[in-house]
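Spelled out, the chains give:
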Amino acid sequence: MPAAACLTSPQGPIAIRDMPHGAPGPGEVLVRIEACGVCHSDVMIAGLAKLPLAPLILGHEGIGVVEAVGEGVVHVAPGDRVGITYLASGCGACQACRTGRERYCTKQLNHGYTRHGLMTSSAVVAAQNLIRTPAALSAEQAAPLCCAGWTAMGAMREANLERGQLVAIFGFGGLGHLALQYARHFGLEAAVVDVSEEKLAFARALGASVAVHSDLARNTLLKQMGGADAAIVYTASAAAVPVAFSCLKRCGSLVLVGLTQDSCSFSVSEAVLKGVRIQGSYLGSRADLEAVFQLASQGVARPTVTTHALEEAPELIARLGRGEITGRAVVTFSS
Ligand SMILES: [Zn+2]
Ligand SMILES: [Zn+2]
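Residues numbered from 1 in each chain as written. Chains lettered and ligands numbered in written order. Predicted model: local features only at pLDDT ≥ 70, side-chain atom pairs only at ≥ 80, totals over all residues. Heavy atoms only, no water.

Caption draft 1: A look at the coordination of the zinc ion (ligand 2). Within the protein, the atoms that donate to the zinc ion (ligand 2) are Cys91 (SG), Cys94 (SG), Cys97 (SG) and Cys105 (SG), at distances of 2.3 to 2.4 Å. Around the zinc ion (ligand 2) sit 4 donor atoms; with metal-centred angles ranging over 104 to 116°, the donor geometry is tetrahedral. Ordering the donors of the zinc ion (ligand 2) by residue number gives the pattern C-x2-C-x2-C-x7-C. Remark: cysteine 105 occurs in the loop between α2 (95-98) and β8 (109-110) and cysteine 94 occurs in the loop between β7 (87-89) and α2; sequence separation between them is 11 residues. What makes cysteine 94 partly exposed here is its relative accessible area of 23%. Looking at cysteine 105, the relative accessible area reads 2%, which means it is buried. (Donors = N, O, S within 2.8 Å, 3.2 Å for Na, K, Ca; no water. Tetrahedral: all angles 85-135°; square planar, octahedral: opposite > 155°, others 65-115°. Helix = DSSP H or I, 4+ residues; strand = E, 2+ residues; numbered from the N terminus. Buried < 20%, exposed > 50% of the residue type's maximum accessible area, 1.4 Å probe, protein only.)

Caption draft 2: Seen up close, the state of the cysteines. One pass over the structure, following the stated rule, counts 0 disulfides. Cysteine cysteine 247 shares no disulfide, and the gap to the nearest cysteine sulfur, in cysteine 264, comes to 14 Å. (Disulfide = S-S within 2.5 Å.)

Caption draft 3: The arrangement of the domain arrangement of the chain in detail. Assigned domains within the chain: domain 1 (3-146 + 284-332) and domain 2 (149-280). Centre-to-centre separation of domain 1 and domain 2, based on C-alpha positions: 26 Å. Opposite the 28 residues of domain 1 that make contact, domain 2 presents 21 residues. Between domain 1 and domain 2, a total of about 2,000 Å² is buried, with carbon and sulfur atoms accounting for 62% of that surface. The largest per-residue losses of area from domain 1 upon contact with domain 2 belong to Met44, Asp288 and Thr326, which jointly make up 21% of the total buried on that side. The interface formed by domain 1 and domain 2 holds 2 salt bridges in total. (Domains from an automatic or database assignment. Contact = heavy atoms within 4.5 Å. Buried area = accessible area lost by both parts, 1.4 Å probe. Salt bridge = Lys/Arg side-chain N within 4 Å of Asp/Glu carboxyl O.)

Caption draft 4: A look at the coordination of the zinc ion (ligand 1). Only Cys39 (SG), His60 (NE2) and Cys147 (SG) from the protein reach the zinc ion (ligand 1) as donors, at distances of 2.0 to 2.2 Å. Donor residues for the zinc ion (ligand 1), ordered by position in the chain, follow C-x20-H-x86-C. Residue histidine 60 is found in the loop between β4 (56-57) and β5 (62-69), and its partner cysteine 147 is found in the loop between α3 (139-142) and α4 (148-158); the two are separated by 87 residues along the sequence. The same class applies to histidine 60 and to cysteine 147, which are both buried.

Caption draft 5: Representation of unusual backbone geometry. Residue proline 55 is reached from alanine 54 by a cis peptide bond, and omega for that bond is -5°. Structurally, proline 55 is set in the loop between α1 (40-46) and β4. Positive phi is not limited to glycine here, since asparagine 160 has a value of about 55°. Along the polypeptide, asparagine 160 turns up in the loop between α4 and β11 (166-170).

Caption draft 6: Representation of the packing of α4 against helix α10 (residues 286-297). Running from N to C, α4 and α10 point in directions that differ by 115°, and their axes come no closer than 9 Å. Classified by the angle between their axes, α4 and α10 sit roughly perpendicular to one another. In this structure, the crossing between α4 and α10 has a hand that is right-handed. Contacts between α4 and α10 involve Gly149, Trp150, Met153, Gly154 and Arg157 from the first element and Asp288, Leu289, Ala291, Val292 and Leu295 from the second. Split by residue class, the contact of α4 with α10 holds 6 nonpolar, 2 polar and 2 charged. (Axes fitted to C-alpha atoms, helices over the stretch in contact; angles between N-to-C directions. Parallel < 35°, antiparallel > 145°, perpendicular 65-115°, else oblique. Left-handed = near helix turned anticlockwise from the far one by under 90°. Nonpolar A, V, L, I, M, F, W, Y, C, P; charged D, E, K, R; others polar.)

Caption draft 7: Looking closely at the pattern of salt bridges. The full count for this structure, using the stated rule, is 12 salt bridges. Residues glutamate 34 and arginine 81 are paired through a salt bridge, measuring 2.9 Å at the closest nitrogen-oxygen approach. Within this pair, whereas glutamate 34 is found in strand β3 (residues 28-37), its partner arginine 81 is found in strand β6 (residues 81-84), the two being separated by 47 residues in sequence. A salt bridge links glutamate 158 to arginine 103, with the shortest nitrogen-to-oxygen separation between them at 3.4 Å. Residue glutamate 158 is located in helix α4, and its partner arginine 103 is located in the loop between α2 and β8; the two are separated by 55 residues in the primary sequence. We classify glutamate 158 as partly exposed; its relative accessible area is 21%.

Caption draft 8: Region of interest: the packing of aromatic side chains. One pass over the full model with this rule turns up 4 aromatic pairs. Between the aromatic rings of tyrosine 104 and tyrosine 282, the centroid separation amounts to 6.1 Å while the plane-to-plane angle is 50°, which identifies the pairing as tilted. Here the residue tyrosine 104 occupies a position in the loop between α2 and β8, and tyrosine 282 occupies one in the loop between β16 (277-280) and α10, the gap between them amounting to 178 residues. What makes tyrosine 104 partly exposed here is its relative accessible area of 36%. When the centroid spacing of 4.4 Å and the interplanar angle of 15° are considered together, the rings of phenylalanine 245 and phenylalanine 266 count as stacked. Taken as a pair, phenylalanine 245 in helix α8 (residues 240-246) and phenylalanine 266 in the loop between β15 (248-256) and α9 (268-274) lie far apart in primary sequence, 21 residues in all. Overall, the relative accessible area of 3% leaves phenylalanine 245 in the buried class. Put simply, the rings of Tyr86, Tyr104 and Tyr282 touch in pairs and so form one group of aromatic residues. (Phe/Tyr/Trp six-rings, centres within 6.5 Å; stacked < 30°, edge-to-face > 60°.)

Below is the structure:
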């Protein structure tokens, strides 16, 4: 019986439990999971007052090998190595689904939230949004691309920047450290903002020319550098949003990515008079997911990972919630 990292009840403890599953049904596949990254959304889901499933297997950035397919599955076959994301399935019929924005489907199901997730050695998952992964990437290098990389890229594209423009990356965790590499690849000038000196040092080591503490962000980005063309808030800290807003130049874009239940405020008149565009960005497009895998297999942008046993998952999620993980922590399963 496969062991899994489970949220045992709403806001309850996370524990390792044996969780049986059946054979794959229509539109589903059985996957032997090789690796699953730990994402800040796992922390958020663990804090929700209500859960659609309990106990719930967490995890939504997984890599595995297809072992069996259910009825009607044609685009993957046993033996294929696939990436599995938060987006399990959409309705396929609504306007969002029909225009390549399945991630905004109101009937979507999500791994590790409304369906069981991937922090388990074996899982039955929806086949609809699986992506084949390049052989050149190890499972632990590929797993973080399925959420952190994908979401970082999706927001970078939503910011709609041109070569040479300045992007401010707020939060240098799993998403931010990939976003910096994408920004450099696109020829953007990138400034990193975080509250952790350790993460700022990590940003400089990854080639950030500007990496500043949040307290100094407005002075550095707006006053010294003339303001950011876009500020992308990857951190789940609502306190970062007004700081990011204050760093924008006129007609700049504020892109919100990190999920939090908290609220924030900024000046409406300042937003109006500066012509600020405010954009939410969730996951990415299918093309964005393919792009992050391609850039990683070419060695252009790869996650910095630490690998861990399943038994460490509860502690990893707690440490992530405290901002103590540098790069991405990935749970790996030996075959
Ligand atoms: Zn995630
Ligand atoms: Zn839909």
